[in-house]
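Examination of the molecular architecture
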Amino acid sequence: MERSTIVRVHEGLHARPATRFVKLAKGFESDVELVKDGKAVSAKSSVKLMLLAVKENQEVTVRANGADAIEAIEALIGYLENPRAGLDDESEAGEPDAAAVTAPPEAVPPAAATINGTPKLQGVAASEGVAIGPAFAHFPAEVEGPGRRLQPGEIDGELDRFRGAVSTVQQRMDRTLAEDNLSAGDRGIVAALRDIAADDSLTGEVEKLIREGDDAVSAVIGAASAIAADFSAVDDHYLNARADDVHAVGRQICLVLLGQDEVSLETIPQGAILIADDIGAWDLARAPLKRIGGVVCGHGGATSHIAIIARSHGIPAVLGLGEKVNELRTAREVAVDGNAGHVIVDPDEAARADFTRRVEAAAQERAGLTVFKSVTPTRADGTVIEVAANIGSLEEIEAAQEAGAMGVGLFRTELLFMRHMHLPSEDMQAETYGALAKAFAPHSVIVRTLDIGGDKPIAGIEFPDEENPFLGWRGIRMCLDRPDIFKRQLRALLRAAVHGNIKVMLPMVSEISEVARTRALIEECAAELKAEGLPHAAFDLGVMIETPAAVLIAPALAREVAFFSIGTNDLTQYIMAADRLNPTVAKLNDVTNPAVMSAIELTAQAGVAAGIMVGMCGEAAGRPDLIPAFIKMGLTELSMSPASIQRAKKTIAAMAAER
Ligand code: PEP
Ligand code: MG
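Notes on the structure in this doc start here.

What counts, and at which threshold
- Residues numbered from 1 in each chain as written.
- Chains lettered and ligands numbered in written order.
- Predicted model: local features only at pLDDT ≥ 70, side-chain atom pairs only at ≥ 80, totals over all residues.
- Heavy atoms only, no water.
- Helix = DSSP H or I, 4+ residues; strand = E, 2+ residues; numbered from the N terminus.
- Buried < 20%, exposed > 50% of the residue type's maximum accessible area, 1.4 Å probe, protein only.
- Contact = heavy atoms within 4.5 Å.
- Areas by Shrake-Rupley, 256 points an atom, 1.4 Å probe, with all protein chains shown as cover.
- Donors = N, O, S within 2.8 Å, 3.2 Å for Na, K, Ca; no water.
- Pairing = 2+ DSSP bridges.
- Axes fitted to C-alpha atoms, helices over the stretch in contact; angles between N-to-C directions.
- Core = buried A, V, L, I, M, F, W, Y, C linked by side-chain atoms within 4.5 Å.
- Expected span 1.5 Å × (residues − 1).
- Polar contact = N/O pair within 3.5 Å; in protein donor to acceptor, adjacent residues only side chain to side chain.
- Near = heavy atom within 4 Å.
- Nonpolar A, V, L, I, M, F, W, Y, C, P; charged D, E, K, R; others polar.
- Parallel < 35°, antiparallel > 145°, perpendicular 65-115°, else oblique.
- Left-handed = near helix turned anticlockwise from the far one by under 90°.
- Salt bridge = Lys/Arg side-chain N within 4 Å of Asp/Glu carboxyl O.

Overview of the overall build of the protein
Broken down by element type, the protein carries 23 helices and 20 strands. Per-residue burial over the protein gives 54% buried out of 659 residues. A separation of at least 24 residues holds for 69% of the contacts in the protein among residues at least 6 apart in sequence. When the accessible area of the protein is evaluated, it comes to approximately 27,200 Å², of which 52% is carbon and sulfur surface.

Encoded structure:
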């Protein structure tokens, strides 16, 4: 018995929708299959279902065979046609879908050996400050099976061992899911992993391999690799990322079988220096940042997102060490100089004393700066200089307010999109932007529209393969090509503007038409909201100046917008033609290069001449050595990591005192 329909599930049968569908299917005794393009898979396996890559508006057939086939078809077709009906425990607006899961972090405990050779390793100074502390090396090792063939008499025992390991992993995940303090995002991640651990595709394949004589660890590695390869082969970024989930689950099962414990970032000791080759921005954001004394990575540069997170939490960081980071694998103690960009491995007494003194001096400086929290700095002519915060989530509001932020000069909305495995709904975005506006009112909150590029895929948007993603389909270019996504964000911003002083700015602008086309969309959104009777308010529209083209057309752009915000991170990379993530050209990525400084000055002149506000939200805005020059150029707003705010206010106050 079968019935066909058109799928109305917005995200397609990904993640949580796949989980719901499987849960529904498992409630029936009948064998149930889902068929797409002639390919049929069991509707009771979320892995198989996801691999079918069913998208919204595609035609599928539900096929059932058994005593309750009619009911099964009715329920499953009902779900595909109206996925929101009957939802009791989940709200689309508030909860993310089962999220992108990368392998849970693990670490190799610091070993006793020290390294020989140069004690000072040079990297990129990515987040200022100095720290010294125990090394916490985070280099997840590959698990390896013994590669032993089983004797026929051992097979049943090995099957039991495997089933026991799966059940241990599931119980651990269930315990984690029961924890009250788990965020919705983390819950989605764990739930997705638990589904995979329970999926017949994985367990069935492992059991088959064990019956053929593979030991359990080798069988898990083999089966997980095969399923992961299937996910990697699908032409869909979301599904490609699921390959990591399968590896992560396989790894957990293997660790139980091998009797090994895994060390997560959760266990990082107070004040430890986190050492890794690479660490996902999202993994770092979820780590216990208050306990991390410093960060050292093989990858990353001064404006990579790891650096931005480290700076916003005041954690000294040296990134871009390349292969040299391996020399830190066995370090016991590490000293990090985030100003000079170097790291000392197992410092001797003299170095330890020097760092300890500098750490104390820095703590004293911080304590001395707190008096600037409530200062409103002004220029010689009395004009207020807004010192605002760069943030990417509501969780960072508190740190920004604690620092004395006069509003938000850059809210990076992409984190909102990256956290969830489907595009955030309009309601959810409106709620987030509205909460932000309320928190900082009457100060302004400048929300940057989605700035995502081909180098950072997000679920729900298919990116083309690009030779040069930084020169490709990113920022406003992508948004204008996807009005469905862009309008959802603009409508949310119009709705949020009712709650405070929202301003909106566009990233990666290189042509005036991009502003005009955005304005047309904003008008369309406002008209729709009016017709729907939803409260909304107008907002100021500005642009980021971060491409050489924007600098060169700044006088004309200034007539079209309410403000400029100079994005020195990208502006520097584009003016200098030096990839901001590439440590080998890090020297060229220097905002103080005369070419970049004159681009900033040209922008300021154009903005001042047109009478619009000129601000800066690139990392250079927080540099005390450059702030006086920026203010002299005419900038009246500087937005930076919360950790830099008080020192910036002090610098501006000192300028005023000099006059
Ligand atoms: C910039 O480019 O300077 C900027 C602030 O944006 P992002 O670092 O997010 O690209
Ligand atoms: Mg930028």
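Don't stop here, the text continues.
So, the coordination of the magnesium ion (ligand 2)
Bound to the magnesium ion (ligand 2) on the protein side are Glu 546 (OE) and Asp 570 (OD), at distances that span 2.0 to 2.3 Å. Of the two residues, Glu 546 sits in the loop between β17 (540–545) and α18 (548–552) while Asp 570 sits in helix α20 (residues 568–576), which places them 24 residues apart along the sequence. Each of the two residues, Glu 546 as well as Asp 570, counts as buried.

A short note on the sheet that holds strand β3 (residues 39–42)
Strands sit in the order β1-β4-β2-β3 across an open sheet of four strands; the sheet is antiparallel. Pairing within the sheet leaves two strands with one partner each, and these edge strands are β1 (2–6) and β3. Here the strands of the sheet are splayed against their neighbours by 25° on average, with no regard to which way each runs. Of the strand pairs in this sheet, strand β2 (residues 31–36) and strand β4 (residues 59–65) are connected by five bridges, and their pairing is antiparallel. From the neighbouring strand, Val 35 faces β4, where its bridge partner is Thr 61. Running over the sheet, helix α3 (residues 69–81) touches β1, β2 and β4 and is turned about 5° from β1.

Here's the deal with the nonpolar core
Ranked by size, the top nonpolar core spans 87 residues in total, and within it Tyr 433, Ile 502, Phe 564, Ile 600, Phe 630 and Leu 638 carry the most contacts. Looking at this core, the element that brings in the most residues is helix α16 (residues 483–496), giving seven residues. Among all residues touching Tyr 433, those that are not within four sequence positions of it are Phe 411, Thr 413, Leu 416, Phe 417, Val 447, Gln 489, Ala 492, Leu 493, Ala 496 and Ile 502. Ranked by size, the runner-up nonpolar core spans 64 residues in total, among them Leu 34, Val 60, Val 166 and Leu 202.

Concerning helix α23 (residues 645–658)
In this model, α23 (14 residues) spans 20 Å end to end at C-alpha, consistent with the 20 Å of a helix rising 1.5 Å per residue. Turning to α23, its buried residues number three or more, namely Ile 645, Gln 646, Ala 648, Lys 649, Thr 651, Ile 652 and Ala 656. Summarising the contacts, the buried residues of α23 are in contact with α11 (349–369), β13 (386–391), α12 (397–403), α22 (627–633) and β20 (637–640).

Considerations on the side chain of Thr 572
Structurally, the position occupied by Thr 572 is in helix α20. Polar side-chain contacts of Thr 572 include one of 2.5 Å to the backbone oxygen of Thr 568. In this view, Thr 572 contacts Ala 577, Leu 588, Asn 589, Asp 590, Val 591 and Val 596; residues no more than four positions away in its chain are not counted.

Quick notes on the site of ligand 1
Near ligand 1 you find Leu 410, Arg 412, Arg 448, Met 544, Glu 546, Gly 567, Thr 568, Asn 569, Asp 570, Arg 580, Cys 617 and Gly 618, and these make up its full shell. The side chain of Arg 448 places a nitrogen or oxygen atom 2.8 Å from an oxygen atom of ligand 1. In the complex, 98% of the free accessible area of ligand 1, which totals 290 Å², lies under the protein chains. Looking at the shell around ligand 1, the elements that each hand over two or more residues are β14 (408–412) and α20. Here the element with the most residues in the shell around ligand 1 is α20; it accounts for three residues. In terms of residue class, the shell around ligand 1 is made up of three nonpolar, four polar and five charged.

Description of the packing of helix α6 (residues 200–211) against helix α7 (residues 216–233)
At a closest axis distance of 8 Å, the pairing of α6 and α7 adopts a crossing angle of 135°. Judged by the inter-axis angle, α6 sits oblique to α7. α6 and α7 meet at a crossing whose hand is right-handed. Contacts between α6 and α7 involve Ser 201, Leu 202, Glu 205, Val 206, Leu 209 and Ile 210 from the former and Ala 216, Ala 219, Val 220, Gly 222, Ala 223, Ala 224 and Ile 227 from the latter. Of the residues assigned to the contact of α6 with α7, the class counts are ten nonpolar, two polar and one charged.

A closer look at the pattern of salt bridges
In this structure the tally under the stated criterion is 33 salt bridges. Between Arg 357 and Asp 354 there is a salt bridge, with the nearest N and O atoms lying 2.9 Å from each other. Residue Arg 357 and its partner Asp 354 are both found in helix α11; the two are separated by three residues, about one turn of the helix. Between Asp 484 and Arg 482 there is a salt bridge, with its nearest N and O atoms 2.8 Å apart. Via salt bridges that share partners, Glu 426, Asp 427, Lys 487, Arg 491, Arg 495, Glu 524, Glu 528 and Glu 532 belong to a single interconnected network.

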